[in-house]
Each structure stands twice: as C-alpha cells, then as structure tokens.
Amino acid sequence: MTFDSKEERYFYYNSLAILLKAVENERTTIDLRNEASVYGTIEHADAYMNIVMRDCVFTDPRGHSYSYTMFFVQARNIRFVHIPPKSILRYNTSDKLKFFTHFRIPTNLKYFNTTASITPSTQVNMSVFKFLDYDCIGFDLDNTLLHYNVTNMVHLIYETVANYLVTERGYDSKYLLKPLEDKDIDFIQKGLFLDFERGNILKINANGIIQRACHGTNLLSIEKIKEIYPEQRWEATDAFCNDMLSTWNGPLSMKMRSLLDYFDISSSLIFARLIDAFDKEQGGPLDEYNIWPDMLDGLIEMFNRDHFKIDKGHFFPSLRENPDKYMYKCSARTITWLQELKKHCITFLITGSNVDFADFTATYALGEDWKSLFDIIICYAKKPAFFTEKRPFFNIVNKEEGNIIESKDLKRGGIYSQGNWKELTEFLENISGRQNPRYLYVGDNLLQDIYVPNSYVQCDTVAIIEEQMSEGMVHQKLSHPDEKVLNSTLWGSYFCLKDSKVNMNSLWGHVIKKYSKLCIPEIDLIAQQPLEKSYLCFNEEKYNGYYPAVPLTIKEQLQRLVGHKRDLTRTKRTFKTKRAEQKQQEGLAAVEKILENRKKRDQRLNENKTD
Ligand SMILES: [Mg+2]
C-alpha cells in the first residue's frame, strides 16, 4: 500500500477509507446518493474515498445503463460501496487482526473465520445473473414458455364462468351477460384482491396498505377506504403480505382471493358485476355477500382436468377447436435457446396442467418434439404445494395418470404427474453429478413460481411478467398485442403506484424485486442473447433486474423521486454548481493522473524487459 502524503496516511488509518483499499481490483457496485449506481472494477481509491473505476456500467436513476472504460466517483456522491465478502475472506487471520486494528472497527473474527458459513449463493457475484451459473433450470409452461392471446382468453373465461352462473346457479343475466366494453376490460388487471364479504376489489402496496378499492364496479374514495378499512389495512391482506401462503388454504381463503394470472383475472369483473346487481336489487350495499362459492364452483368446473379428454364444457373444446385464436406459437429462436441450454445444464418443466392438456398446448407452441427439450417433465404439479408438501409422483400411461412411482425410479427423459420438489431435486442432483447443484426456476405466477420456490426452498427465480412489455419500457419500442387487457387506467401500473408523492412499489413490484433475480416480459428476449451473457440483477433498492429495461411507469416514479422535472440546463449557476463543476474538474484530473502513472509504469516495465 502506498500513500501520497502524511495527511492521506492519517485518513487511511483513521477512517473507513482503508476498507476501499481492500476492494481495489475487485468488481463491485457503488450506489450513489441520487439513486444511480456504478458496477465495475475499482481501479483506485484515495484516502478521501474518491474512487476511480474501470470497465463499468453506470445506471442512472431512470434505469438507463451506459458503459464506461473509466469512471470517476466523487466521495460526496457515494451512498454505499458493496464490499464483496471474498475481499475480507482472502486475508489470513493475523492479517485480519491487523486489518481491523487499523480500521478501528469492532472485529468479530469468528464470523470472518468461518468460510463454511458462507452459503454457495454468496460466493457468486450477487449483482450479476447468468443462466450458465446454474446446474439445473426449471420452467413453468403456461404464460412462461407458452404465451396465450390474453384478450381472447379473458373473453373466453368470462363467457364460460358467466354462463355457468346464469344457467347453473340462476344469477340474473342482465348484468352478467352484458357485452364487454372498453371500460369493462379496463376494470380487469392481474394482481387484484377480492374481499368476498364486503363485495370489494382491492389493490395494495408493498406495505399492505389498500391504495385503491372498488365496491362492485364503483371506485371508492380514500376517505371511504379508510372508513371501511381502518388505517387502509385489512387482516387478510396483512396476512397475505406477511406470508403469501397463509391465505392459500384455511379460514382466510374463505375471505379473500388474489387474482394472480390470466386464467382468473376475469373474475374481478364477474364479481364486481354481481355485486352491482345485488346492490341495485336491494337498493344499497348489503352487510355481507356470499357469491364467491358459486364463482369458485364455476372456475373449478371450467378447469376440471377430466373435461379436456371428454371435450366437455366451453373452455377446453374452444381451445381444441381453435388453438390459433388462443395461443401463440413459440419462436424458433426460443426453441433453439432451450436446446442449447439443455446441452449445458439439466432442464426440467413443472406445469399445473394435466398431462393431456399440457401435451396439446406444448405441442402447439413448442412443436411435436417438445418433450425432448427437458430432462424431466412434471405435469399436474399442484403448485405451490409441490414445493412445500410431499405428494408422491405418478406414472403416465397413455396420457393418463397411472400408479404411484418411487422417486428413486424416476428416469431422465420421463414425464410424470404430481410429485414434490424435495424428491425431484434428489433426482436432479443425481443426474447432474454435482453436490448441492444450483437451481433456477422460471415462471410467471408471483406466488407459485417466484415467492414460494424462493422463500420456501431457496431456489433462485426469474419472473416472466408480460405487463413489463404492455406498460412500455425505457428506450424500448416493443409493444404487447394484448396491452388493452393487461393495462388498466383505473388501477394504474402493475409495478408501482403512480399517484403517490414518493416512489412506491405495488405489492407485486416489491415481490418481483425481493424474490426474483430478473424480470423479463418474455423468454424470447433472453433467447436473442448468448447463453453466457451476464445481466444486472435485482438488489436491495435497485431496479437493475428488469431486462431489457425498467417499465416506463417506474421511470416516472424515479424521475419524481429525484426531481428531474426541473430543467437543470436553465438553472442559474450558483456557488454550489460552480463548486460541483470544480470538483468534477478535479475528478477528471485525478483520472488523467492515474492514466499517466499507468503509462509511465508500462514504459518502465518495457524498458526493464529490453535491458
Ligand atoms: Mg404459468
């Protein structure tokens, strides 16, 4: 370690500046005070904590990323420097003692001595995600590998359930069977909650606060929300935020339902129209409604797995008769990407669809040879219980569930029904030939595919969220064919709450950031990139994990947060701006000095070689 002056030496030994010395030549992330961040290699850190970085990516508060060969970070702009654990761990014990004595930091050597306590996930750079870092990669099928025409699907499901309620349960057709107009479609959004008893539909933020609510189809004011839900909270949504599985079964599942994917989002409109009908009939809101059990029966009847085989009902026959209307074919590029991925790691599919329906949809989307894309396929998996319970695996015979099969008898290239994660991973570990392989699961349902795998079985996840494309992304011209259904002006952005004064995640924006590594609108965008590509992933307060870019709505929030609406170019040059410019000049001079020193050093090395 060399010091330029006595003063600098004093600072090194009497401040945390010396910690930065430990990360020189390491790749890490520096968070800046204006919500921007820089990821790259620390070239030099001086005693005042000014840092020069090389080969870095600067991400501004709006999520735009830029590459720089050299980047100067002034100390006053730094909020955090992420210290990679290995920077500390590479010192031996006596070095650590000296290190921390110099730093004047309370030392817990026991912690730093136990390399075994470092879990596998902390041994890789947590700011960067790479598919090839994983040994076993699993996929969900519906809305992950296979995309549906959401517009036609929403209409089909609405018609099927509404007709069931009218014909089988005697509900009035006047409200339920009204044609779906634009305002009705706008009422539908993924991620809403139904309060069965009160007849309300809710949208909540990351802290469980009810930010928007409708009674039937009528929007409630904030005052009204506070009147119904003290402090804008409800015990059922609080329990859901605390543990999303707590309301899956048991008494709370009788009070509320979260509408998590395109197969049940039509339910919000059916529910609201029925509430409107009751209120109209009774001349005002009722104390309690009891329509959910009938709606649930309609949904169960529609998705009954036996109905596909016998072509019963409206849902399955419609799909079978007209697959082009309801499904999109997977691109050849995505299929090639899956084939390439399988050459590098174990791939598996876990779908909730029964084997015959999965075979029908996967053949349509991925081709006749779809089974060859995976090392093992699990159908009718009953997620999220697949990850938390221990149901047995069943053989498949002639596209039907056969006998129970012991997990030790699972075969590579096989297709099975039900089963559980624990025994599946024992099988995957076995065929991968690795101890403690790293698992990744890719899916669209934020509860079943993201939250539960990540928090219950510590599996890393990638979220496929089509709203990212339908809401538009920064500097991206991509659009979604079903954006009218996916977006909602009534409920606002899927990712964040636009009408707040500060940046506020919606519950789903929070779940994506907390429980997934990466959020992408469709696999095809990843399939355009080489397998070995690294992606910046989510960490604490950052939105880095959105690929290819953050949704526009988040950008607007961030702009509001950092006050970018002011046009800085027109601002009068104050003492503060002049000083900032002077510091900037100093920074550039520091970079030049480093480059010059480097040049001299190289020259010296060359001279020594020739001597
Ligand atoms: Mg799915």
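These numbers come from a predicted model, not from an experiment.

## Notes on the overall build of the chain
Inference 1: Counting secondary structure elements, the chain contains 27 helices and 21 strands.
Inference 2: For the chain, the residues scored as buried account for 41% of the 611 residues in total.
Inference 3: Long-range pairs, those at least 24 residues apart, make up 68% of the contacts in the chain with a sequence separation of at least 6.

## Some words on unusual backbone geometry
Inference 1: Cis geometry is adopted by the peptide bond preceding proline 384, which originates at lysine 383 and carries an omega value of 5°.
Inference 2: Here the amide bond leading from tyrosine 547 into proline 548 is cis, since omega sits at 5°, within 30 degrees of zero.
Inference 3: With respect to the secondary-structure elements, proline 548 resides in the loop between strand S21 (535–536) and helix H26 (552–562).
Inference 4: Phi at tyrosine 380 takes a positive value of approximately 45°, unusual for a residue other than glycine.
Inference 5: Along the chain, tyrosine 380 turns up in the loop between strand S14 (376–379) and helix H19 (385–388).
Inference 6: Here histidine 475, not a glycine, exhibits a phi torsion of approximately 60°, which is positive.
Inference 7: Residue position: histidine 475 is located in the loop between helix H22 (467–470) and helix H23 (483–486).
Inference 8: Using a count of 13 C-beta atoms within 10 Å as the deciding quantity, one classes histidine 475 as partly exposed.

## As for the confidence of the model for the chain
Inference 1: Here the chain averages 86 in pLDDT, and 84% of its residues register 70 or above.
Inference 2: Across residues 91–125, confidence stays below pLDDT 50; counting only partners more than four residues off in sequence or on other chains, it has 23 contacts.

## Considering helix H21 (residues 446–457)
Inference 1: Within H21, nine of the twelve residues are buried, which leaves it mostly tucked inside the rest of the structure.
Inference 2: Every buried residue of H21 is listed here: Leu446, Leu447, Gln448, Asp449, Ile450, Tyr451, Val452, Pro453 and Asn454.
Inference 3: Elements in contact with the buried residues of H21: H19, strand S18 (439–443), strand S19 (460–464) and helix H24 (507–515).

## A look at the packing of H21 against H24
Inference 1: Close contact between H21 and H24 brings their axes to 10 Å; oriented N to C, the two are set at 40°. Between H21 and H24, the angle is such that the two are oblique. Crossing of H21 over H24 shows left-handed handedness. Where H21 approaches H24, its residues Leu446, Ile450, Tyr451, Asn454 and Ser455 are matched on the opposing element by Trp508, Val511, Ile512 and Tyr515.
Inference 2: Looking at side-chain class alone, the contact of H21 with H24 contains seven nonpolar, two polar and no charged residues.

## What to know about the environment of tyrosine 364
Inference 1: Mapped onto the elements of the fold, tyrosine 364 is located in helix H18 (residues 355–366).
Inference 2: Taking the C-beta count within 10 Å as the criterion, tyrosine 364 has 19 such neighbours and is therefore assigned partly exposed.
Inference 3: For the pair formed by tyrosine 364 and aspartate 324, sequence separation is 40 residues and the distance between their alpha carbons is 9.0 Å.
Inference 4: Excluding residues within four positions of it along the chain, tyrosine 364 makes contact with Pro323, Met327 and Lys329.

## Quick word on the sheet that holds strand S2 (residues 37–45)
Inference 1: The antiparallel open sheet is built from five strands, whose spatial order is S4-S3-S2-S1-S5. Each end of this open sheet is capped by a strand with a single partner; those strands are strand S4 (65–73) and strand S5 (78–81). Sheet twist, expressed as the average angle between the axes of neighbouring strands with direction ignored, equals 30°.
Inference 2: The pairing of strand S1 (residues 27–32) with S5 spans three bridges and is antiparallel. Its bridge partner lying in S5, isoleucine 30 is registered against valine 81.

## Points about the pairing of strand S17 (residues 414–418)
Inference 1: Where S14 lies against S17, four bridges are found, and the strand directions are parallel. In the sheet register, cysteine 379 faces S17, and the bridge partner there is serine 417.
Inference 2: For strand S15 (residues 393–397) and S17, the ladder comprises two bridges, and the chain directions are antiparallel. The residue of S17 that forms the bridge with phenylalanine 394 is serine 417.

## Regarding the pairing of strand S16 (residues 400–405)
Inference 1: One ladder, built from four bridges, connects S15 with S16; its direction is antiparallel. Of the residues in S16, the one forming a bridge with isoleucine 396 is glutamate 401.
Inference 2: Count of turn residues in the S15/S16 antiparallel hairpin: two residues, of which asparagine 398 carries a positive phi of about 50°.

## Considering the sheet that holds S16
Inference 1: The sheet built from nine strands is open, its strands ordered S16-S15-S17-S14-S13-S7-S18-S19-S20 with mixed pairing. Edge positions in the sheet fall to S16 and strand S20 (518–520), since each of these pairs with one other strand and no more. Strand-to-strand twist of the sheet, defined as the mean angle between neighbouring strand axes without regard to direction, takes the value 25°.

## With respect to the environment of asparagine 436
Inference 1: Structurally, asparagine 436 can be placed in the loop between helix H20 (421–432) and S18.
Inference 2: Separated by ten residues in the primary sequence, asparagine 436 and glutamate 426 place their C-alpha atoms 9.6 Å from one another.

Calculation notes
Sequence positions are assigned chain by chain, starting from 1 and proceeding in written order. Local features in this predicted model are restricted to residues whose pLDDT is 70 or higher, and side-chain atom pairs enter the listing and the counts only when it is 80 or higher, whereas totals over whole chains, interfaces and linings include all residues. Per the convention used, a helix needs a DSSP run of H or I reaching at least four residues, while a strand needs a run of E reaching at least two, with both numbered from the N terminus. Using C-beta atoms placed from the backbone, we call a residue buried if 20 or more other C-beta atoms fall within 10 Å of its own, exposed if 12 or fewer do, and partly exposed for counts in between. Contact between residues is assigned whenever the C-beta positions, reconstructed from backbone atoms, fall within 7 Å. You can read pLDDT as the predictor saying how much it trusts each residue, on a scale of 0 to 100. Note on definitions: angles span 0 to 180 degrees between N-to-C directions of axes, and those axes are lines fitted to C-alpha atoms, for helices only across the stretch in contact. Here roughly perpendicular refers to angles of 65 to 115 degrees, roughly parallel to angles under 35, roughly antiparallel to angles over 145, and oblique to all remaining angles. Working rule for handedness: look at the near helix, and if it is turned counterclockwise from the far one by less than a right angle, call the crossing left-handed; if clockwise, right-handed. Ten residue types, Ala, Val, Leu, Ile, Met, Phe, Trp, Tyr, Cys and Pro, are classed as nonpolar, four, Asp, Glu, Lys and Arg, as charged, and the remainder, Gly among them, as polar. Only strands that DSSP links by at least two bridges are regarded as paired with each other.

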